Amino acid sequence: MKGMLKGMGVTLKALTAPKVTTSYPDTPYMMPERYRGIQHFIPELCIVCNQCARICPTECITLTGKPNPDPEKKGKVIDTFDLNFEICILCDLCTEVCPTEAIVMTGNFELAAYSRDELYKDREWLTDNNTRVREDNNNIGAPQKGGAK
Amino acid sequence: MGAIRTEELLLNVGPQHPSTHGVFRIIVKLDGEIITEATPVMGYLHRGTEKLAENLNFTQIIPYTDRMDYVSAMTNNYVLCHAVEKMMGLEVPERAEFLRLIVMEMQRVASHLVWWGTYLLDIGAMSPFLFAFRDRETIVQLFNELSGARLTYNYMRVGGVKWDAPPGWLDKVREFIPYMEKKIEEYDRLVSGNEIFLSRIQGIGRYDAETAIRYGLSGANLRCTGVQWDLRRSEPYSLYDRFEFDVPVGKNGDCFDRYLLRLEEIRQSLRILRQALEQMPEGGETMGKVPRAIRPPAGESYVAIESPRGEIGCHIVSKGKAEPYRLKFRRPSFVNLQILPKLLVGETMTNLITILGGIDIVVGEVDA
Amino acid sequence: MDWLSASPVTWYDALFVFLWGVVLMLVVLGFVTYAIYFERKVIGWMQFRRGPNRVGPFGLLQTVADILKLLIKEDTIPRKADRLLFVLAPVLAFIPSFAVLAVIPYTQKLYFADLNVGLLYYVALSGISTLAIVLGGWASNNKYALLGGMRSAAQMISYEVPLVISVTGVVLMSGTLNLRGIVDAQSGGWFWDWNFLPQIIGFAVFVIAAISELNRTPFDLPEAESELVAGYHVEYSGFRFAFFMLTEYVYVYAIAGLATTLFLGGWHAPAPFLDFIPGIIWFALKFAFIVFFLFWLRATLPRIRIDQLMGLGWKLLLPLSLANIFLTALFYELFQR
């Protein structure tokens, strides 16, 4: 009986304790600086090195490049860049290996959609996803050889 | 009346059942409310982590380990990284090792909190669940600040950790320790003395040390029988030999002992955390010297550490490539679950939930 | 309501009775709506949450929205279910729960039926609901529902006995089964004249048995969520489910009313100088306290096990309530003659 009464005392005290619920959809939930949200893509920086597609554990990145339209310059520029959020696990490895920080994380995380098709994000969508972009990406450079191709 | 025929009731508990902690299924034969036979069925959450790993390099496997025991992702990260480091003979910088240890102990606290809350929910008390999740939220939020995710941290790397602690983070952990110690006392007041709760779990799901060892149990499931076996103490890895902490053991081997042990382990984890924060070096590298391509030399290695659920092991068979030839995880939830059919026979439907909850399984880890 | 027996019943009288019934129904529905709201709020606060706050100001319309949703939901009957019993069960559960409210007196003047055997009537009718729960569990053709229904039968029959015997002490003290008479017998002016102090054993047994009769935590075994998913109403949805819920909360109303009447002095003020506050307010306050107490228990306690429940009922509550009758009788025999 004593134990029960003690427990009831705890719940009674909690009745007036400060509440921890946040009013999430009304006020946006601010994730901390390092949060790994939906990627932001900067086409100008991309050198089409394919490292992000190679390191991705779920193979959700597909990209194609084209020759640089400026004949003076060598190398390729990005043509298409698609990210499949049906299988992306936001593991941070693509931003970690990117040598030019062309793909970076943001603090946005709302991905709910009515159709699966909407989860295929293309280059334009990812470029426009430019709010709350993560500043420090700490690309320590993961090993690149081997793994899923 | 002699003409009335009785037969056993075949009941499917799960895979969609509120108390099987996910998609675990048990087929029970009931005589009234007494279980005469129980057959666990697992595999509903099987994602083939071990098979997938054979086509991934070691850095890519780390996010997959997050998803095995998703309540305790940090220890899973660690066991893989530690196994690879051991095979390759890599040095981990001291600060990185301290950070790993701190997050692992915080993870143990968080994991036991989830267990505590859901166990009480299984037994029918609603509030403890929210009490536990309120305090777990603090830890999750700290991990979010550290690694950028709330559940699947992908924080450790072979040879170090991804991030150093952000400014002020360690102070927040320091503040968390006394806060949590106070909360544990509140939990004790709320539940531990409750007569209904005690009568529900005392003497339930009992087994002795010999049985526990024969079934290969580990963690609190083994220690509740009085066997003092904690890998942090018995085969120290990481920096655990530098800290003072107790390995609590029970003596009855019932659900109540497991309950007390887990609460005590939270206290011990906080004790380790406090010492770790004191001894932690001020600065330093968080990433050791790692070759560009992680290729463990051909051979095999097995590394085991103490996860909140017991001994989690990682067995790597390498042929000298970037991908493992074979990767095998010894998942404590899976091994601990094996004793379940034996414990259930002769118990009631209600005790099924009490015993299953007491074993503390995470279905993601059982099915991997 | 003496006019009823004084003259032959006319259509006018029948209409009058019917309208009063409708008024009571509305009051009860209002109570149920806001009891659910209040329960969710209180339990929310006890768990560091805010409780419902989205629909209407302070979430006041949340239950209304929930009920509306249940009413417009597709009505499903499992193919292998016993259709007739399946449909009958929720109705059979609700009718007695509403019928028992007739005997509860709110104040000296405000009451619906002044039965001489009011208490007996209550106990007799409330037993029928058990039948409905067993029927519902059986008719669903679901194993969880069946287990829930069986538990419910065992539980309610075992606890009906101590419940009735525990109030016998009160009947002995008051010398009547009429609920108004029982309240009148407690009119000493002070709160120690109420039955709960002299009948403290009876009161304790009554509270425990009553919570068990209500199938509420810690005795919510028939619908034990973590074991039996939802127990006897696993297969019910839409308005049939709403009826089971309604029954549960109407019984909360009934038990709270009964406890107030039997043990907490009904409409009497706790002290003579507080008499200026109308009796209905006192009744409402005591009533609200009991309802709050039930919610408070639900927020704190874990669920008891079925064998312990049976043990508690037969081995502890029954002997205690019998001893209570014996002690009460002995006391009256020795001192009050």
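Residue numbering note: each chain is counted from 1, following its sequence as written. Starting at A for chains and at 1 for ligands, labels are handed out in the order in which the entities are written. Note on the predicted model: pLDDT of at least 70 is required for a residue's local features to be given, and 80 or more for side-chain atom pairs to be given and counted; whole-chain, interface and lining totals, by contrast, use all residues. Excluding hydrogens and water, the side-chain values take into account all heavy atoms of the structure.

## Some points on the overall build of chain A
Strands are runs of DSSP state E lasting at least two residues, helices are runs of H or I lasting at least four, and both sets are numbered from the N terminus onward. Regarding its fold elements, chain A presents four helices and five strands. In this description the radius of gyration comes from C-alpha coordinates, and the expected globular size is given by 2.2 Å times residues to the power 0.38. The C-alpha atoms of chain A give 22 Å as radius of gyration, which overshoots the globular expectation for 149 residues (15 Å, by more than 25%). Buried, partly exposed and exposed residues are distinguished by accessible area as a fraction of the type maximum, computed with a 1.4 Å probe on protein chains only: under 20%, between the cut-offs, and over 50%, respectively. A buried classification covers 43% of the 149 residues belonging to chain A. For chain A, long-range pairs separated by at least 24 residues make up 75% of all intrachain contacts whose partners lie at least 6 apart in sequence. For chain A, the computed accessible surface area is about 8200 Å², with 55% contributed by carbon and sulfur atoms. Whether two residues are in contact is decided by their heavy atoms: any pair within 4.5 Å suffices. The Shrake-Rupley method, run with a 1.4 Å probe sphere, supplies the accessible areas, and residue values consider only the shown protein chains as cover.

## Concerning the packing of helix α4 (residues 94-123) of chain B against helix α5 (residues 127-147) of chain B
Residues and elements named next belong to chain B. Axis definition: a line fitted to C-alpha atoms, over the contacting stretch in the case of helices. Angles run 0 to 180 degrees between N-to-C directions. Here α4 crosses α5 at 155°, and the two axes come no closer than 8 Å. When the axes of α4 and α5 are compared, the pair comes out roughly antiparallel. Judged by the twist between their axes, the crossing of α4 over α5 is left-handed. Contacts from V103, M106, Q107, V109, A110, L113, V114, W116, G117, T118, L120 and L121 of α4 reach α5 at P128, F129, F131, A132, F133, D135, R136, I139, L142, F143 and L146. Orientation labels follow simple angle bins: below 35 degrees gives roughly parallel, above 145 gives roughly antiparallel, 65 to 115 gives roughly perpendicular, and whatever is left gives oblique. For any pair of crossing helices, the crossing counts as left-handed if the nearer helix is rotated counterclockwise from the farther one by less than a right angle, and right-handed if it is rotated clockwise.

## Topic: the interface of chain B and chain A
Listed as interface residues are 43 residues of chain B and, on the opposing side, 41 residues of chain A. Of all residues in chain B, K162, W163 and R292 of chain B bury the most surface against chain A, accounting for 20% of the area lost on that side. Salt bridge criterion: a side-chain nitrogen from Lys or Arg within 4 Å of a carboxyl oxygen from Asp or Glu. In this structure, D92 of chain A and K162 of chain B form a salt bridge, with 3.5 Å as the shortest nitrogen-oxygen distance. Counting of polar contacts relies on pairs of N or O atoms within 3.5 Å, with two restrictions inside protein: one atom must be capable of donating a hydrogen and the other of accepting it, and residues adjacent in sequence are counted only when both atoms are side-chain atoms. Across the contact surface, chain B and chain A share 17 residue pairs in polar contact (both at pLDDT 80 or more). If you list the elements that add at least two residues to the side of chain B that touches chain A, you get α2 (58-66), α5, α6 (169-192) and α7 (195-201) of chain B. The element best represented in the side of chain B that touches chain A is α5 of chain B, accounting for nine residues. Classification used: nonpolar for Ala, Val, Leu, Ile, Met, Phe, Trp, Tyr, Cys and Pro, charged for Asp, Glu, Lys and Arg, polar for all others including Gly. Split into classes, the residues belonging to the side of chain B that touches chain A amount to 16 nonpolar, 13 polar and 14 charged. The buried area of a pairing is the accessible area, by a 1.4 Å probe, that goes missing from both parts when the two are put together, added over both.

## With respect to empty space enclosed by the protein
Residue and element names in this part refer to chain C. Lining residues are those with an atom within 4 Å of a point, where the points come from a 1 Å grid over the protein atoms alone and group into cavities, where a 1.4 Å probe fits but cannot get out, or pockets, open sets with protein on both sides within 12 Å along at least five of seven lines. Grid points are joined across faces, edges and corners, and a volume is the space filled by probe spheres set on the points. Throughout the structure, instances matching the rule amount to five cavities of 30 Å³ or more. Space inside the largest cavity adds up to approximately 120 Å³. I133, N215, T247, E248 and Y251 are the residues nearest the centre of the largest cavity, which is lined by 13 residues in total. Counting residues per element, the lining of the largest cavity draws most heavily on helix α10 (residues 238-263), which supplies four residues.

## Examining the interface of chain C and chain A
Facing the 14 residues of chain C at the interface are 13 residues of chain A. Of all residues in chain C, F48, R50 and W296 of chain C bury the most surface against chain A, accounting for 41% of the area lost on that side. Residue D26 of chain A is joined to R54 of chain C by a salt bridge in which the shortest nitrogen-to-oxygen separation is 2.7 Å. Between the two partners, chain C and chain A, sit seven residue pairs in polar contact (both at pLDDT 80 or more). Top contributing element to the side of chain C that touches chain A by residue count: helix α11 (residues 279-300) of chain C, with six residues.

## Quick notes on the confidence of the model for chain C
Residue and element names in this part refer to chain C. One number per residue, pLDDT, summarises how confident the predictor is, and it ranges from 0 to 100. Averaged over chain C, the pLDDT score is 83; the fraction of residues at 70 or greater is 96%. Within chain C, helix α1 (residues 3-6) has the poorest average pLDDT of any element, 56, and helix α3 (residues 62-71) the best, 88. With a pTM of 0.88, the predicted complex shows an ipTM of 0.85.

## Digging into the layout of surface pockets
Rolled over the atoms, a probe sized like a water molecule indicates the empty space that remains. Size it by volume and the second largest pocket reaches roughly 800 Å³. Surrounding the second largest pocket, 29 residues form its lining, M1 of chain A together with V207, I208, I211 and F293 of chain C being those nearest its centre. Counting residues per element, the ones that place at least two in the lining of the second largest pocket are α1 (2-15) of chain A together with α8 (200-213), α10, α11 and α12 (306-336) of chain C. Its residues assigned to classes, the lining of the second largest pocket comprises 28 nonpolar, one polar and no charged.

## A closer look at the UniProt feature "transmembrane region" (unreviewed entry) in chain C
Residue and element names in this part refer to chain C. UniProt positions are given in the numbering used here, feature names are shortened, and annotations may be inferred rather than shown by experiment. The UniProt record annotates "transmembrane region" (unreviewed entry) at residues 15-37, 84-107, 119-140, 161-179, 191-211, 250-270, 276-297 and 309-332. Here residues 15-37 runs as 100% helix and 0% strand, with 33 Å between its end C-alpha atoms. Between the C-alpha atoms that bound residues 84-107 there is a distance of 41 Å. The span itself is 67% helix and 0% strand.

## A closer look at the side chain of S269 of chain B
Take S269 of chain B: it is sitting in helix α11 (residues 255-279). Residue contacts for S269 of chain B: discarding those within four places in its chain leaves E105, R108, V109 and R232 of chain B.

## Comments concerning the nonpolar core
Core analysis: the largest hydrophobic core is formed by 127 residues, its most contacted members being I26, I102, W116, Y155, W169 and Y259 of chain B. Looking at which element gives the most residues to this core, the answer is α4 of chain B, with 16 residues. When near neighbours in sequence (up to four residues on either side) are disregarded, I102 of chain B contacts W169, L170, V173, L273, A276, L277 and M280 of chain B. For this analysis, a nonpolar core means a set of buried residues of the types Ala, Val, Leu, Ile, Met, Phe, Trp, Tyr and Cys, connected via side-chain atoms within 4.5 Å. Among the nonpolar cores identified, the runner-up in size contains 71 residues, and L24, I104, A209 and A256 of chain C belong to it.

## Brief notes about the sheet that holds strand β6 (residues 299-307) of chain B
All names here are of chain B. A pair of strands is treated as paired once DSSP finds two or more bridges between them. The antiparallel open sheet is built from three strands, whose spatial order is β6-β7-β8. Single-partner strands in this sheet number two, and they are β6 and β8 (326-330). When strand polarity is set aside, the average angle formed by the axes of neighbouring strands in this sheet is 10°. Strand direction decides the pairing type here: strand β7 (residues 310-318) and β8, joined by five bridges, are antiparallel.

## Some details on the sheet that holds strand β2 (residues 25-31) of chain B
A sheet is described by the order of its strands in space; here three strands give the open sequence β1-β2-β3 (chain B), paired in antiparallel fashion. Two strands bound the open sheet, and with one partner strand each, they are β1 (9-13) and β3 (34-41) of chain B. Across the sheet, the mean angle from the axis of one strand to that of its neighbour is 20°, orientation sign disregarded. The pairing of β2 of chain B with β3 of chain B spans seven bridges and is classified as antiparallel. Bridge pairing in β3 of chain B places I27 of chain B opposite T39 of chain B. Its contacts with the sheet put helix α14 (residues 349-359) of chain B on β1, β2 and β3 of chain B, and the angle it makes with β2 of chain B is roughly 150°. Packing of helix α6 (residues 143-174) of chain C onto the sheet brings it into contact with β1 and β2 of chain B, and relative to β1 of chain B it is tilted by some 110°.

## A word on the packing of aromatic side chains
For Phe, Tyr and Trp, rings pair up if their centres lie within 6.5 Å, where Trp contributes its six-membered ring, and each pair is then called stacked (planes under 30 degrees apart), edge-to-face (over 60) or tilted (otherwise). For the coordinates displayed, the defined rule picks out 36 aromatic pairs over all chains. Ring plane angle 70° and centroid distance 4.9 Å describe the contact between F31 of chain C and Y253 of chain C, whose orientation is recorded as edge-to-face. Pair noted here: F31 of chain C is in helix α2 (residues 11-46) and Y253 of chain C is in helix α10, with a separation of 222 residues, a long-range link. Under the relative-accessibility criterion, Y253 of chain C is labelled buried at 6%. Pairing Y236 of chain C with F244 of chain C gives two aromatic rings, centres 4.9 Å apart and planes at 80°, and the pair type is edge-to-face. Each member of the pair Y236 of chain C and F244 of chain C is classed as buried. An aromatic cluster is present here, built from W115, Y119, F197, F256 and Y259 of chain B joined pairwise through their rings. Positioned above the aromatic ring of F334 of chain B, the side-chain terminus of R331 of chain B is 4.9 Å from the ring centre. A positively charged side chain is recorded as over a ring if its NZ (Lys) or CZ (Arg) lies within 6 Å of the ring centre. The angle to the ring normal must also be within 35 degrees.

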